[in-house]
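An overview of the molecular structure
This is what each chain is made of:
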Amino acid sequence: MTDTLRNAKPHSSPAPGRREHWSGRLAFILAATGSAVGLGNIWKFPYITGVNGGGWFVLIYLVCVVAVALPIMVAEILIGRSAQRSPVMALRKLDGPRSPWQGVGWLGVAAAFVILSYYSVVAGWTLHYSWLALSQGFAGMQPAEVEALFGQVYQDPGINLFWHGLFMLLTVAIVAAGVHGGVERWSRILMPLLFLMILALVLRAAGTDGFGPALDFVFGAHGDRLTPAGVLEALGHSFFTLSLGMGAMLTYGSYLRTRDDAVATSLAVGGLDTLISLMACMMIFPIIFVAGLAPGAGPGLVFVSLPIAFGQLPGGALWAAVFFVLLAVAALTSAISLLEVAVSHFIDWRAWSRRRAAVGIGAVIFLLGIPSALSGGTRLFGGDFAAATAVLFGEGQGKNWFDLADYLASNWMLPLGGLGIAVFVAWRMGAHAREQAFKAGSRFARLYWGWVWLLRYVVPVGVLAVFLHALGVF
Ligand code: PHE
């Protein structure tokens, strides 16, 4: 991967002496954006916004992105760039072979396993919906029928296992072959295309009666449905959507050279990712409101709203298929970064070959994902499991395996990992090395003290306060 990233060619040709530097940064921005933009933006953000009642949830999420997540993104990239290693080995290199901080890296590797196991199930739904669009289309279906269709898909063990397996196979094939160059070249075309399609759908939604209520739902000042658990979810999602707290950005940063501007990159990736999430809301909620469906319906939101919208368009089946395939590609570039964290770890740590690591780890993640793939259907992992976890989460709040994996990984593991990175960089790493790393090659050197201050005080106090709040301590 190092080689592909370094050899990637820029679109235009800058001055000869600077060419390599610029191409490295472009490839990195593409890889980092590919990792950040995915199901988190288009599937998860709108659905959790809906469940948490919009308004204040969105505002709190935005505060988390700016005050907590972005400073951590810079910190992760800088650690990777300085150490030129995957997470565990990077922390060992910077802090000594017996450093307890390598635990943060291990937590990240564990999170990669957990997240990819259910991420792949949702990505499988996008593949299945592309297939559905082409084979039967959604034309003439009533909103209630589209809703029922998702219910069927969610509960069908065969469908879930098949597409989960296929998606994992694709992810493994790409990571094993190390053909990141190919993926990057493709996503350079496909990601802007996805962006344009979302934009078109937002503009179309802007002409409907649902747009006003949707704007008010997402940006209006109302927080009646916001709970402490919702605040934790907003924080956790700011990590999830920016691929933070588990070493993905750290690993990608390890393929950078010192003069590449980590701060500018973080701002660009963060801005783009947030924009796409908000646009996804403005594409989905107007449809939900016009159709009279509930915004808090849960994980099926995007799989219900878009078929309704495409069902009304001429040529809608084709558009729907294209859209869901593009969404699957966005999920693929994120899944690659999740698998890459675990793979690069075993390559560095156990000297496994890339192929062996990708195939072995991919197989384990596929198996780990089976209970998630069966969550909607079987009694063991559906009803009974949810009833059992209701003891932990309260009456009627029980989670199936799928929900539980998402809950634990995004809401606890990622913020904890991010907290570890922040505390390490702000309090443990040598001041000189930190300042050097931040200022090297950066146009934003003057932000140094603001960044340190956020990492030192705002991030730890904020994350701990949200944790305690969620645990009901205050
Ligand atoms: N950021 C990705 C998304 O929004 C998910 C992801 C999380 C990828 C953590 C890598 C690491 O879909």
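Being a predicted model, the structure only gives us computed values, none of them experimental.

**Notes on the site of the ligand**
As a structural note, the neighbourhood of the ligand is formed by 14 residues, with Ala-36, Gly-40, Tyr-119, Phe-240 and Ser-243 the closest of them. With respect to the ligand, the backbone of Gly-40 contributes an N or O atom lying 2.8 Å from an oxygen atom. At a separation of 2.4 Å, an oxygen atom of the ligand approaches a polar side-chain atom of Tyr-119. Coverage of the ligand by the protein amounts to 100% of the 330 Å² it exposes when considered alone. Only α2 (19-36), α3 (39-51), α11 (228-241) and α15 (316-350) provide two or more residues apiece to the shell around the ligand. Here the residues of the shell around the ligand sort into 6 nonpolar, 8 polar and no charged.

**Things to note about the confidence of the model for the protein**
Averaged over the protein, the pLDDT score is 88; the fraction of residues at 70 or greater is 91%. Per-element mean pLDDT across the protein ranges from 40 in helix α1 (residues 2-7) up to 97 in helix α10 (residues 211-219). Within the model, the stretch residues 1-22 combines pLDDT values under 50 with 41 contacts to residues more than four positions away or in other chains.

**Here's the deal with the pattern of salt bridges**
For the coordinates displayed, the defined rule picks out 5 salt bridges. Close ionic contact of Asp-261 with Arg-443 constitutes a salt bridge, the shortest N to O distance being 3.8 Å. Taken together, the residues Asp-261 in the loop between α12 (248-253) and α13 (262-291) and Arg-443 in the loop between α19 (431-439) and α20 (448-470) connect sequence positions 182 residues apart. Relative accessible area serves as the criterion here: at 5%, Asp-261 is assigned to the buried category. By relative accessible area, Arg-443 is classed as exposed at 58%. Of the charged contacts in the structure, one is a salt bridge between Arg-354 and Glu-340, with a shortest N-O distance of 3.0 Å. With Arg-354 in helix α16 (residues 354-373) and Glu-340 in helix α15, this pair connects stretches of sequence that are 14 residues apart.

**A word on the packing of helix α8 (residues 157-177) against α15**
Interhelical geometry of α8 versus α15 gives an angle of 60 degrees and a closest axis separation of 9 Å. As the angle between them shows, α8 and α15 are arranged oblique. Here α8 and α15 pass one another in a crossing that is right-handed. Contacts between α8 and α15 involve Phe-167, Leu-170, Thr-171, Val-172, Ile-174 and Val-175 from the first element and Ala-328, Ala-331, Leu-332, Ala-335, Ile-336, Leu-339, Glu-340 and Val-343 from the second.

**Overview of helix α5 (residues 87-95)**
The set of residues buried in α5 consists of Pro-87, Val-88, Met-89, Ala-90, Leu-91 and Asp-95. Where α5 is buried, its residues touch α4 (56-83), α6 (102-135), α12, α15 and α18 (401-428). Phi for Gly-96, located one or two positions after α5, is positive at around 100 degrees.

**Some thoughts on the nonpolar core**
Among the nonpolar cores identified, the biggest contains 160 residues, and Trp-125, Met-283, Phe-323 and Trp-451 are the most heavily contacted of them. When residues of this core are assigned to their parent elements, the largest contribution, 19 residues, is made by α15. Not counting residues within four places of it along the chain, the set of residues in contact with Trp-451 comprises Pro-71, Val-74, Ala-75, Leu-78, Val-425, Arg-434 and Phe-438.

**Considering the packing of α13 against helix α14 (residues 301-311)**
Following both chains from N to C, one finds α13 and α14 inclined at 75 degrees, their axes separated by 9 Å at the closest point. As summarised for this structure, α13 and α14 are arranged roughly perpendicular, according to the angle between their axes. Side by side, α13 and α14 meet where Met-283, Ile-284, Phe-285, Ile-287, Ile-288 and Ala-291 of the first sit next to Leu-301, Val-302, Ser-305, Leu-306, Ile-308 and Ala-309 of the second. In terms of residue class, the contact of α13 with α14 is built from 11 nonpolar, 1 polar and no charged.

**What about a nonpolar patch on the surface?**
Residues Leu-134, Leu-318, Trp-319 and Val-322 make up a contiguous nonpolar surface patch of about 410 Å² in total accessible area. A total of 3 residues in the nonpolar patch trace back to one element, the largest contributor, which is α15. Following the sequence through the fold, Trp-319 ends up in helix α15.

**Structural notes on the environment of Thr-33**
Position of Thr-33 among the secondary structure elements: in helix α2. It is 7.5 Å that separates the C-alpha atoms of Thr-33 and Asp-273, two residues lying 240 residues apart in sequence. Apart from residues lying up to four places away in sequence, Thr-33 is in contact with Met-191, Val-269 and Leu-272.

**A few points about the packing of aromatic side chains**
In the structure shown here, the tally under the stated rule is 31 aromatic pairs. Here Phe-45 and Tyr-61 contribute two aromatic rings whose centre-to-centre distance is 4.6 Å and whose plane-to-plane angle is 40 degrees, an arrangement assigned as tilted. Here Tyr-61 lies in helix α4 and Phe-45 lies in helix α3, a separation of 16 residues in the sequence. Residue classification places Tyr-61 among the buried residues on the basis of a relative accessible area of 1%. For the pair Tyr-119 and Phe-240, a centre-to-centre distance of 6.1 Å together with 50 degrees between the ring planes defines the contact as tilted. A residue pair is termed long-range when its members are at least 10 positions apart, and Tyr-119 in helix α6 and Phe-240 in helix α11 qualify at 121 residues. Its relative accessible area of 9% is what places Phe-240 among the buried residues. A cation over a ring is seen here: Arg-350 above Trp-349, with NZ or CZ 4.0 Å from the ring centre.

What counts and how
- Residues numbered from 1 in each chain as written.
- Predicted model: local features only at pLDDT ≥ 70, side-chain atom pairs only at ≥ 80, totals over all residues.
- Heavy atoms only, no water.
- Near = heavy atom within 4 Å.
- Polar contact = N/O pair within 3.5 Å; in protein donor to acceptor, adjacent residues only side chain to side chain.
- Areas by Shrake-Rupley, 256 points an atom, 1.4 Å probe, with all protein chains shown as cover.
- Helix = DSSP H or I, 4+ residues; strand = E, 2+ residues; numbered from the N terminus.
- Nonpolar A, V, L, I, M, F, W, Y, C, P; charged D, E, K, R; others polar.
- pLDDT = per-residue confidence, 0-100.
- Contact = heavy atoms within 4.5 Å.
- Salt bridge = Lys/Arg side-chain N within 4 Å of Asp/Glu carboxyl O.
- Buried < 20%, exposed > 50% of the residue type's maximum accessible area, 1.4 Å probe, protein only.
- Axes fitted to C-alpha atoms, helices over the stretch in contact; angles between N-to-C directions.
- Parallel < 35°, antiparallel > 145°, perpendicular 65-115°, else oblique.
- Left-handed = near helix turned anticlockwise from the far one by under 90°.
- Core = buried A, V, L, I, M, F, W, Y, C linked by side-chain atoms within 4.5 Å.
- Patch = residues over 30% accessible without salt bridge, like charges linked within 9 Å, V, L, I, M, F, W, Y side chains within 5 Å.
- Phe/Tyr/Trp six-rings, centres within 6.5 Å; stacked < 30°, edge-to-face > 60°.
- Lys NZ or Arg CZ within 6 Å of the ring centre and 35° of its normal.

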